[in-house]
Amino acid sequence: MKEGIYYFTRRIPVDLRQHYSSGKISYSLRTRSRSIALSRANRAVCKLDEYWYHLRTQDAELPDKNLLRHGLTRQAHLSGEDTTVTSDVLTLSEAVLTYLRLKGQGRPETFHRAAHRS
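Residues numbered from 1 in each chain as written. Predicted model: local features only at pLDDT ≥ 70, side-chain atom pairs only at ≥ 80, totals over all residues. Heavy atoms only, no water.

Undergrad: Any details on the overall build of the chain? Residues and values, ideally.
TA: Along its length, the chain carries three helices and four strands. Seen in sequence order, the chain has helices and strands lined up from the N terminus as β-β-α-β-β-α-α. Among the 118 residues that make up the chain, the fraction classed as buried is 16%. Long-range pairs, those at least 24 residues apart, make up 33% of the contacts in the chain with a sequence separation of at least 6. Accessible surface computed for the chain: about 9,900 Å², of which carbon and sulfur atoms make up 53%. (Helix = DSSP H or I, 4+ residues; strand = E, 2+ residues; numbered from the N terminus. Buried < 20%, exposed > 50% of the residue type's maximum accessible area, 1.4 Å probe, protein only. Contact = heavy atoms within 4.5 Å. Areas by Shrake-Rupley, 256 points an atom, 1.4 Å probe, with all protein chains shown as cover.)

Written as structure tokens, this is what we have:
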């Protein structure tokens, strides 16, 4: 607390310091109220814990990691050759087609046009 204003401060774990330019996170919670400061600090802790969990799982060496499914497999045409590209990203047009396949059966043509237009 500085001059009655509460601050949030948290040290960055050693295994995650490579992702940060500082060893700690510190910023003003912009309140003089203890209860509001606690609420904002708890929210910040939850967000940081979630983010740090994702950072840790990206770098983790999992046993049999090669057995995990990594999204969709699509055909890509690169320099005239057919090669399979694995991607975690679904294009918007693929998403619309999947949506219409799952939800569009028995729906009028206007439903399909609206989905494509959107």
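From this point, the narrative continues.
Undergrad: Which residues make up the nonpolar core, and what are the values?
TA: Formed by Y6, F8, I12, L16, I25, L29, A37, A41, A44, L48, W52 and L55, the largest nonpolar core amounts to 12 residues. The element best represented in this core is helix 1 (residues 34-59), accounting for six residues. Filtering out sequence-adjacent residues up to four positions away, F8 remains in contact with I25, S26, Y27, L29, A41, A44, V45 and L48. (Core = buried A, V, L, I, M, F, W, Y, C linked by side-chain atoms within 4.5 Å.)

Undergrad: Describe the environment of S33, naming the residues involved and giving the relevant values.
TA: For S33, the position within the fold is in the loop between strand 2 (24-28) and helix 1. According to the relative accessible area criterion, S33 is partly exposed, its value standing at 26%. Along the chain, S33 and G4 lie 29 residues apart, while their C-alpha atoms are 8.8 Å from each other.

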